[in-house]
Every structure is written in C-alpha cells, then in structure tokens.
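Read off the chains here:
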Number of protein chains: 2
Amino acid sequence: MRIRPKIYLAGPEVFHADAGDIGRRKKDLCAGCGFEGLDPADAEIGPLGEGCDRLIYRANMRMIGEADCGIFNLTPFRGPSADVGTAFELGVLFALGKPCFAYSNDSEPLLARLRREQCVAFDATKSRWVDAHGMAIEDFGNVDNLMLEACLAEQGYPIVRWQCRSKQRFTDLGGFQACLDLAVRHFSATLVAETVTADVDASI
Amino acid sequence: MRIRPKIYLAGPEVFHADAGDIGRRKKDLCAGCGFEGLDPADAEIGPLGEGCDRLIYRANMRMIGEADCGIFNLTPFRGPSADVGTAFELGVLFALGKPCFAYSNDSEPLLARLRREQCVAFDATKSRWVDAHGMAIEDFGNVDNLMLEACLAEQGYPIVRWQCRSKQRFTDLGGFQACLDLAVRHFSATLVAETVTADVDASI
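Residues numbered from 1 in each chain as written. Chains lettered and ligands numbered in written order. Predicted model: local features only at pLDDT ≥ 70, side-chain atom pairs only at ≥ 80, totals over all residues. Heavy atoms only, no water.

> What am I meant to see in the overall build of chain A here?
Across its full length, chain A carries six helices and seven strands. Ordering the α and β elements of chain A from the N terminus gives β-α-β-α-β-α-β-α-β-β-α-β-α. Per-residue burial over chain A gives 52% buried out of 204 residues. Here the contacts in chain A between residues at least 6 apart in sequence split such that 71% fall between residues at least 24 apart. Accessible surface for chain A amounts to roughly 9,100 Å². Of this, 53% is attributable to carbon and sulfur atoms. (Helix = DSSP H or I, 4+ residues; strand = E, 2+ residues; numbered from the N terminus. Buried < 20%, exposed > 50% of the residue type's maximum accessible area, 1.4 Å probe, protein only. Contact = heavy atoms within 4.5 Å. Areas by Shrake-Rupley, 256 points an atom, 1.4 Å probe, with all protein chains shown as cover.)

> It is not clear to me how empty space enclosed by the protein should be interpreted in this structure. Could you clarify?
Remark: the empty space left among the atoms is shown by a probe the size of a water molecule rolled over them. Considering all chains together, one arrives at three cavities of 30 Å³ or more under this definition. In this structure, the largest cavity spans a volume of roughly 310 Å³. Every residue lining the largest cavity is counted, 27 residues in all, and those nearest its centre are S81, A82 and V84 of chain A together with S81 and A82 of chain B. In the lining of the largest cavity, the residues fall into 13 nonpolar, six polar and eight charged. (1 Å grid on protein atoms, 1.4 Å probe; cavity = no way out; pocket = protein on both sides within 12 Å on 5 of 7 lines; lining within 4 Å. Points joined across faces, edges and corners; volume = space filled by probe spheres on them. Nonpolar A, V, L, I, M, F, W, Y, C, P; charged D, E, K, R; others polar.)

> When you look at the packing of helix α2 (residues 52–66) of chain B against helix α3 (residues 84–95) of chain B in this model, what are you seeing that I'm missing?
The description of two helices packed together rests on the angle between their axes and the distance between the axes. Residue and element names in this part refer to chain B. It is the contact of α2 with α3, at a shortest axis distance of 10 Å, that shows an interaxial angle of 35°. When the axes of α2 and α3 are compared, the crossing they make is right-handed. Facing N60, M61 and I64 of α2, the residues of α3 in contact are F88, E89, V92 and L93. Here the contact of α2 with α3 is composed, by residue class, of five nonpolar, one polar and one charged. (Axes fitted to C-alpha atoms, helices over the stretch in contact; angles between N-to-C directions. Left-handed = near helix turned anticlockwise from the far one by under 90°.)

> It is not clear to me how the environment of I3 of chain B should be interpreted in this structure. Could you clarify?
Mapped onto the elements of the fold, I3 of chain B is located in the segment before β1 (6–10). Among the residues examined, I3 of chain B registers a relative accessible area of 55% and is labelled exposed.

> What should I look at first to understand the relation of the copies chain A and chain B in this one?
Between the two copies of the chain lies a rotation about an axis combined with a shift along it. With an axial shift of 0.0 Å and an RMSD of 0.0 Å, the rotation relating chain A to chain B amounts to 180°. Viewed as a symmetry operation, the transformation between the two copies matches a two-fold axis. When you check the interface residues of chain A against chain B, 100% turn up at the interface there too, and the contact is symmetric in its surfaces. (Least-squares fit on C-alpha atoms with pLDDT ≥ 70 in both.)

> Can you help me understand the sheet that holds strand β3 (residues 69–73) of chain B in this one?
Within a sheet, adjacent strands bond to each other through the backbone by hydrogen bonds, running parallel or antiparallel. Residues and elements named next belong to chain B. Pairing in this open sheet of five strands is parallel, and the strands run β2-β1-β3-β4-β7 from one edge to the other. Every other strand in the sheet has two partners, leaving β2 (36–38) and β7 (160–161) as the edge strands with one partner each. Together, β1, β2 and β4 (100–104) form the strand contacts of helix α1 (residues 19–32), whose direction differs from that of β1 by roughly 150°. (Pairing = 2+ DSSP bridges.)

> Could you clarify how one ought to interpret the sheet that holds strand β1 (residues 6–10) of chain A in this entry?
All names here are of chain A. Across the sheet, five strands lie side by side as β2-β1-β3-β4-β7; this open sheet has parallel pairing. Edge strands, defined here as strands with exactly one partner in the open sheet, are β2 (36–38) and β7 (160–161). Strands in contact with helix α1 (residues 19–32) are β1, β2 and β4 (100–104); relative to β1, the strand with the most contacts, it is inclined by about 150°. In the packing of helix α3 (residues 84–95) onto the sheet, the strands contacted are β1, β3 (69–73) and β4, and the crossing angle to β3 comes to about 160°.

> I keep staring at the interface of chain A and chain B and nothing clicks. Help me out?
Contacts between the two partners involve 57 residues from chain A, matched on the other side by 57 residues from chain B. Between chain A and chain B, roughly 4,600 Å² of surface is buried when both sides are summed, and carbon and sulfur atoms account for 66% of that area. Counting every contact that joins chain A to chain B gives six salt bridges. For D131 of chain B, the salt bridge goes to R78 of chain A, with nearest N and O atoms at 2.7 Å. The interface formed by chain A and chain B holds 19 residue pairs in polar contact (both at pLDDT 80 or more) in total. Elements with a minimum of two residues in the side of chain A that touches chain B: α2 (52–66), α3 and α5 (146–155) of chain A. Top contributing element to the side of chain A that touches chain B by residue count: α3 of chain A, with ten residues. (Buried area = accessible area lost by both parts, 1.4 Å probe. Salt bridge = Lys/Arg side-chain N within 4 Å of Asp/Glu carboxyl O. Polar contact = N/O pair within 3.5 Å; in protein donor to acceptor, adjacent residues only side chain to side chain.)

> Help me understand α3 of chain A, please; the structure alone is not making it clear to me.
Quick reminder: α-helices carry 3.6 residues per turn. Residues three or four places apart thus point the same way. Under the 1.5 Å per step criterion, the end-to-end length of α3 of chain A is 16 Å for twelve residues, consistent within 8% with the ideal 16 Å. With eleven of twelve residues buried, α3 of chain A lies mostly within the body of the structure. (Expected span 1.5 Å × (residues − 1).)

> I tried to follow the pairing of β1 of chain A on my own but got confused; where do I start?
Two faces make up the sheet, and in a regular strand the side chains alternate between them. Residues and elements named next belong to chain A. Among the five residues of β1, four are classified as buried, and the element is accordingly described as predominantly covered. Of the strand pairs in this sheet, β1 and β2 are connected by three bridges, and their pairing is parallel. Within β2, the position partnered with I7 by the bridge is G37. Crossover β1 to β2 through α1 is right-handed. (Right-handed = clockwise from strand over helix to strand, strands pointing away.)

> I keep staring at the nonpolar core and nothing clicks. Help me out?
Taken as a class, soluble globular proteins show a tendency for nonpolar side chains to be buried jointly. Counting residues in hydrophobic clusters, the biggest one holds 58 residues, and the most contacted among them are L74, F88 and L90 of chain A together with L74, F88 and L90 of chain B. When neighbours within four sequence positions are excluded, L90 of chain A is seen to be in contact with F72, L74, C100, L148, C151 and L152 of chain A together with F88 of chain B. (Core = buried A, V, L, I, M, F, W, Y, C linked by side-chain atoms within 4.5 Å.)

> Just to check I follow, could you spell out the pattern of salt bridges for this structure?
Opposite charge on two side chains allows them to pair when their charged atoms are near. One pass over the full model with this rule turns up 20 salt bridges over all chains. Of the charged contacts, one joins D42 of chain A and K27 of chain A as a salt bridge, the two residues approaching to 2.6 Å between their closest N and O atoms. Here D42 of chain A is found in the loop between β2 and α2, whereas its partner K27 of chain A is found in helix α1, with 15 residues between them in sequence. Relative accessible area serves as the criterion here: at 40%, D42 of chain A is assigned to the partly exposed category. One salt bridge connects D106 of chain B with R113 of chain B, and the closest N-O pair in it is separated by 3.3 Å. Overall, the relative accessible area of 1% leaves R113 of chain B in the buried class. The network of salt bridges with common partners includes R54 and R58 of chain A together with E154 of chain B.

What follows is the structure, given as structure tokens:
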C-alpha cells in the first residue's frame, strides 16, 4: 500500500463562508500530488456552545500530531499580518520538527503595506519607520514578521509570495499549489521509492 | 548555588522606542521572584542590514531553547489580535513542552473589539458574526483566537486579562507581574526545595 504523507492545512479559511468547499479543493490538490490533506474544518464538534473552543483546539492539535508536515496560509487577516492562530500552529509544527511550507496571497512587503494602510512616520533619529504607537516597523523586505519568514527560510523553503486579486485573497489556491510543489520536492525520495514498489506490485 | 529558572520574555515591546527600559523592568521583576529573564532585545546583532532578520531569528531561537518557560504579551498589536511573532513563539515553546504564561493588556473579548473597530455584520442564516470579508468571528468570549487561549488554559494557566489605559498598553507590566505570580506557583516546589538547601548551606 502506498503511504500518503499527511499535510495539516492551516489558514484563516476555516472562518470563510465557503470553508468546506475551499478545504475540499485543497484536499483534492493534495491527493493529486500523492498527499492526504488534514482540514481543521473537518473536525466534528457538534453545535457550537460553551467549551467548544477547547474541543476545536484539541481536534486541531490531534491533526497536527498526526500530520507529517503543514501548509500555512499567511495571507494578512484582519490587519497587516497573518492570522495569529495560523502563526501559533506554524510554531507548533516547526518545533515538532515537521516540514513547514507557507504562502501569502499578498506579496507586498510589510513596511509598504503599513505605509499604505496605517499612520506611520520615519524616525530620523533612529533611522527607522514607526507606527502610530511609535513601534518600529521591520524593514527587511519580508511580507510579515521575521520570525515567521526566517523559520521557513531556515528550513530551506522560503515563504511563497503569491499575488492575486484582493477579492480572491482567501479562495485563490495558486500559492497553496506552489507550496504543494515544495512538499513534493521535499518528500520526493520517499514518493519515488513507493512508486517503484507500487509499479513492481502491479506488474506481478 | 541556587538555580534560577529562565523565562523567555516574548512580546511586541521589542519594537518599542523604550524596548531596553521595558526589558530591564521585566528582568528586574523576574529577578525579584527568583527567575532570570531572557529578553530578545538583548541579542547583540550589530548594525541592521541584509540578513539581519535571520541573525535575530537565530538569537531568539537560542534564547527559547535555553528558557525553562515563557511569558507572552498577547496585547493586540496593529490590529485586533496579538503580534504574530509572539504567537509563533508561543507555539514553539508550547510544543517544546515548556510552561507558557500569557497576558493581554486589553481585556475586551475579540468579538466586542471587532464590533467596535471594524465593519462587521450578523449573518442570521448561520447565526454568527462575520467581518467585511464574510469571515466568521469567534464568539467564545476569548480575547483572541481560540488556539492561543485554549493552549494556555489546557496547560492550567488561562490568559491573564489585564486592563490598563490605552497609552500604557505596551509599557504597563501589571499583567506581566500576574504571569510571574503564576510562574512562581508553577515552579514553587523547585524553589522551596532550593531555598531549604540554601538555608542549610548558609547555616553550616
């Protein structure tokens, strides 16, 4: 039997009105590349009520434990940066030593985005840009906080910068597919070995 | 010699104009409770330039590796949610099995904050609040994303909700001190044992 590596599908799409459909499309793309996608939106929690947050958390952590790697949608969510839940999950999978692949559907650097969206100023005394609270804005050309980007780059798979139309920022899966391609490259040795075995099995 | 457990001091204060001073105050509070605070702002990186993001990342990860636990400032940062770098680091320390304590200097629930700050609507067909992108807003009474809050609660130390004046949101350390108190409780068995040993040492 061919083993299909499992991919945890992280991102703010779980909040989308079409979360189920987006998850199905992601899982289909995974299957097409020899993977099994684990979608947090599939967790069967029952009617939402008090304490359900803990049940959802446990279901997600079970999937993370089961996953062989993760694909993270770090597209800006309700502000200039990624969804904090997704950032947390990236930290968990990374610390567990599992390969992490990520994309952002907004390729604009963080500083440029903040200059466009928020009230910022250049602090000449410190030669740096600051926001309305006087907090320094990172200027490394990254699309988001350096901890997220550097962790991915150090693993060998820098964040995929994808640009799509604003209305499709939570439904466009071009960046997701690019991450899948990285996952295929990462697991290729395993997949090649299994394919050879499967071909031999089929021919006898 | 008394061993002082090390606390990784995570939060967006590293971007503050008074980052050094805030860090010193945090480390003093840690020392007063028998801990050693590890402040990411102390990393000696040299003049910022190309590639410095990777050096800062590595310095932070070294501190995280060295730490026995972490205190995380999850106060909303440039939007309705916590700093994504801090959320990532929470995930890392948590996955490494290290006790995590966290506070937010904005005690307002996420939904109430979004209703105040952003364009939201009630989706009667699905009985839930949605943002301008039609993305569902969590309604569990948490101050932020459920993954952050539930991970803390499941460890036994729910997030400390602290309310301070808006201007002090990145300098007020009342919530930080409350987290330190939780850390003292967590490590109390160890500290008591060491104190007894130290007293015996001093009397002979």
